Amino acid sequence: QVQLVESGGGLVQPGGSLRLSCAASESISSIYTMGWYRQAPGKQRELVARISSGGSTNYTDSVKGRFTISRDNAKNTVYLQMNSLKPEDTAVYYCTEGPWGHPRYWGQGTQVTVSS
């Protein structure tokens, strides 16, 4: 199985930036889509962004133009660059792996808090 470990979360002011990292236990050059989901208190978990093995990406509408997902196969790592952060972005962010639209492995999550 693929083990995923997220890092990079923390407290940031509105308008600030964070970069989340997800380290995979095996080469991501030979595995399926990597993604980021998030869950805020009292809300359903939602897809934030995903990137296929071939580099195709998509994002939820609320983060388009602000967030960028990327992958570095040499480092077995997936990133989520988050700019222009808003309080509404506050959530636990989870890294995932699996076929497009069907994540099968999940990380433990990293907390992102956007507040003044």
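Higher on the page you've got the structure.
As the structure is a computational prediction, the values presented were derived from the model and not from experiment.

Q: How do you make sense of the sheet that holds strand β7 (residues 67-72) when you look at a structure like this?
A: Adjacent strands of a sheet form backbone hydrogen bonds with each other and so pair up, either parallel or antiparallel. One open sheet holds the four strands; their spatial order is β1-β3-β8-β7, and the pairing between them is antiparallel. Sheet topology places β1 (4-7) and β7 at the edges, where each strand pairs with a single neighbour. Pairwise comparison of adjacent strand axes, ignoring direction, gives a mean angle of 15 degrees for this sheet. Bridge count for β7 against strand β8 (residues 77-82) is six bridges, and the pairing is antiparallel. Paired with D72 across the bridge in β8 is T77.

Q: Is there a simple way to think about the pattern of salt bridges in this case?
A: Where charged atoms from two side chains of opposite charge come close, those side chains can pair. For the structure on display, the rule yields five salt bridges. Among the salt bridges present, the one from R38 reaches E46, with a minimum N-O distance of 2.7 Å.

Q: Can you help me understand the nonpolar core in this one?
A: One recurring pattern in soluble globular proteins is that nonpolar side chains are buried together. Counting residues in each nonpolar core, the largest one holds 28 residues, and the members touching the most others are M34, W36, L80, M82 and Y93. Counting residues per element, the ones that place at least two in this core are β3 (18-24), β4 (33-39), β5 (46-51), β7, β8, β9 (91-98) and β11 (110-114). Here the element with the most residues in this core is β3; it accounts for four residues.

Q: What should I look at first to understand the packing of aromatic side chains in this one?
A: Any pair of aromatic rings gets described here by the distance separating the centres and the angle formed by the planes. This structure, assessed with the given rule, holds two aromatic pairs. Centre to centre, the rings of Y37 and W106 are 5.0 Å apart; their planes meet at 50 degrees, and the pair counts as tilted. Remark: W106 occurs in strand β10 (residues 105-106) and Y37 occurs in strand β4; sequence separation between them is 69 residues. What makes Y37 buried here is its relative accessible area of 13%. Measuring from centroid to centroid gives 6.3 Å for Y94 and W106, while their planes differ by 70 degrees, and the two rings are edge-to-face. Of this pair, Y94 sits in strand β9 while W106 sits in strand β10, and the two are twelve residues apart along the sequence.

Q: Hey, could you run me through unusual backbone geometry in this one?
A: When glycine is set aside, most residues are seen to have a negative phi, and most peptide bonds are trans. Unusually for a residue other than glycine, N76 sits at a positive phi of about 55 degrees. In this structure, S84 is a non-glycine residue whose phi angle is positive, near 50 degrees. Relative to the helices and strands, S84 is located in the loop between β8 and β9. Note on S84: relative accessible area 40%, which makes it partly exposed.

Q: Please explain the environment of S29 as it appears in this structure.
A: Its location among the elements puts S29 in the loop between β3 and β4. On the accessibility criterion, S29 (46% relative accessible area) is partly exposed. When the C-alpha positions of S29 and A91 are compared, they lie 28 Å apart, and in sequence the two are 62 residues distant.

Parameters and conventions
Residues numbered from 1 in each chain as written. Predicted model: local features only at pLDDT ≥ 70, side-chain atom pairs only at ≥ 80, totals over all residues. Heavy atoms only, no water. Pairing = 2+ DSSP bridges. Helix = DSSP H or I, 4+ residues; strand = E, 2+ residues; numbered from the N terminus. Axes fitted to C-alpha atoms, helices over the stretch in contact; angles between N-to-C directions. Salt bridge = Lys/Arg side-chain N within 4 Å of Asp/Glu carboxyl O. Core = buried A, V, L, I, M, F, W, Y, C linked by side-chain atoms within 4.5 Å. Buried < 20%, exposed > 50% of the residue type's maximum accessible area, 1.4 Å probe, protein only. Phe/Tyr/Trp six-rings, centres within 6.5 Å; stacked < 30°, edge-to-face > 60°.

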